Amino acid sequence: MGVGKGSGSVMGGLIGRRAVAAGLVSGAASLALPNRPLRAAQAGRAAASSSSPAPWAVYYADAAPLSAFQPYRLLVLDSRTHPPLQPLADRGKSLFGYLSVGEVETHRPWFGRVKGWGILDQENPNWPGSFYVDVRDRRWISLVVEELVPAILREGFHGVFLDTLDNPPHLERTDRERWRGMTDAAAALVRAIRRNWPDIGLMQNRAYEILPQTAPLLTHALGESVYAGWDFAAKRPHRQSAEDYRFQVEVLTAAGVSNPRLGLLTLDYWDPADKAGLRAIYDLQRANGFSPYVSTVELDRLIPEPAR
């Protein structure tokens, strides 16, 4: 899906799925930003006193050796294709399993059932084979809460990573009459998960429109493509606009203030060969009070933070 901005919010990045489009820059020098928003963000995070976990990574494959995970304390992994979980748990890693709740992909076992309900809509143009789902439908809510979440937990994960929650607000903005109530339904879905699973880790990717409602329910909030995203047309990383960057920093910071125990994470995309650029992004996001990870959009390999 393309990215839009409406009602004072930014639509965009799904982990390994979509990213906000903006101008491309490269190199460490171009990563410099005005000190003013950084100071404001630091002040907000100091007030929040959040215990954001660090370091962390996201990895959607199963080939990396156990030793590659040593630097990380928290891992977001695909709920089906992933390394053995028990050795990671034995080493004290917090493990979150991926769950798309605003789209259904054709390769998921439940796709046929949901399609039969008639609640799937258009295909995501950036990710063929993934279709938007009507999150207002009670059958979808029941499937997520009663089947999909417990299946992830039975696999050995400590929590669930909720992706594609940007979609419901986006659909409501594009056709308010047809999709009325989708934004509220997205927040209600998060509430239903927390109500039924009060003790699990719960991480939300973006979905900034509902974050003021859901922040108290979450253990972690992730900002994807906060500073650097992925341009699907050009097939290369790009720097977000200063406006989008500041907006996302402010929303995440506010969430940390509303829930001082909320872990605030960021995922940015950059060229792994540009070590100086990677270091600059890590430094920038830590200055904001966030726990950063920088990778490629495929998210199928672990990219260590460059040595200093």
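Reading the values: the criteria
Residues numbered from 1 in each chain as written. Predicted model: local features only at pLDDT ≥ 70, side-chain atom pairs only at ≥ 80, totals over all residues. Heavy atoms only, no water. Axes fitted to C-alpha atoms, helices over the stretch in contact; angles between N-to-C directions. Helix = DSSP H or I, 4+ residues; strand = E, 2+ residues; numbered from the N terminus. Parallel < 35°, antiparallel > 145°, perpendicular 65-115°, else oblique. Left-handed = near helix turned anticlockwise from the far one by under 90°. Contact = heavy atoms within 4.5 Å. Nonpolar A, V, L, I, M, F, W, Y, C, P; charged D, E, K, R; others polar. Buried < 20%, exposed > 50% of the residue type's maximum accessible area, 1.4 Å probe, protein only. Pairing = 2+ DSSP bridges. Salt bridge = Lys/Arg side-chain N within 4 Å of Asp/Glu carboxyl O. Phe/Tyr/Trp six-rings, centres within 6.5 Å; stacked < 30°, edge-to-face > 60°.

Student: What exactly am I supposed to notice about the packing of helix α5 (residues 167-174) against helix α6 (residues 182-196) here?
Tutor: The description of two packed helices rests on the angle between their axes and on the distance between the axes. Two elements in contact, α5 and α6, have axes whose closest approach is 7 Å; the angle formed by their N-to-C orientations is 165 degrees. One way to sum up the angle between α5 and α6 is to call them roughly antiparallel. By crossing handedness, the relation of α5 to α6 is classed as right-handed. For the pair α5 and α6, contact is made by Pro168, Pro169, Leu171 and Glu172 and by Met182, Thr183 and Ala186, respectively. For the contact of α5 with α6, a count of residues per class yields five nonpolar, one polar and one charged.

Student: What's the story with the pairing of strand β4 (residues 74-77) in this structure? I'm lost.
Tutor: Within a regular beta strand, the side chains point alternately toward one face of the sheet and then the other, so they alternate between its two faces. Side chains Leu74 and Val76 project from β4 onto one buried face, and the interleaved Leu75 and Leu77 project onto a second face that is buried too. One ladder, built from four bridges, connects strand β3 (residues 56-59) with β4; its direction is parallel. Directly across from tyrosine 59, in β4, lies its bridge partner leucine 77. Taken together, the four bridges between β4 and strand β5 (residues 94-100) define a ladder with parallel strand orientation. By the bridge assignment for β5, leucine 77 is matched with glycine 97.

Student: I tried to follow the pattern of salt bridges on my own but got confused; where do I start?
Tutor: Side-chain pairs of opposite charge can arise whenever the charged atoms involved come near each other. Summed over all chains, the structure comprises 12 salt bridges. Across the pair glutamate 209 and arginine 173 runs a salt bridge whose closest N-O atoms are separated by 2.5 Å. Here glutamate 209, found in the loop between β10 (201-205) and α7 (211-214), pairs with arginine 173, found in helix α5; they are 36 residues apart in sequence, far enough to count as distant. Exposure remark for arginine 173: the relative accessible area of 23% places this residue in the partly exposed category. Connected through salt bridges with shared partners, the residues Asp283, Arg286, Glu305 and Arg308 form a single ionic network.

Student: Looking at this structure, how should I read the packing of aromatic side chains?
Tutor: The relative placement of two aromatic rings is captured by the distance of their centres and the angle of their planes. All told, the structure shown has nine aromatic pairs when counted by the stated rule. Measuring from ring centre to ring centre gives 6.2 Å for tyrosine 72 and tyrosine 293, while their planes differ by 85 degrees; the resulting arrangement is edge-to-face. Here tyrosine 72 is found in the loop between β3 and β4, whereas its partner tyrosine 293 is found in strand β15 (residues 291-295), with 221 residues between them in sequence. Each of the two residues, tyrosine 72 as well as tyrosine 293, counts as buried. Taken together, the ring pairs connect Trp56, Tyr72 and Tyr293 into an aromatic cluster.

Student: Just to check I follow, could you spell out the sheet that holds strand β9 (residues 159-163) for this structure?
Tutor: Hydrogen bonds between backbone atoms are what pair the strands of a sheet, whose relative direction is either parallel or antiparallel. In spatial order, the strands read β3-β4-β5-β9-β10-β11-β14-β15; together these eight strands make up an open sheet with parallel pairing. The open sheet has two edge strands, β3 and β15, and neither has a second partner. The average undirected angle you get between the axes of adjacent strands in this sheet is 25 degrees. Relative to β10, α6 is tilted by about 170 degrees, and along the sheet it contacts β9 and β10. Strands β14 (263-269) and β15 of the sheet are contacted by helix α9 (residues 275-287), whose axis makes an angle of about 155 degrees with β15.

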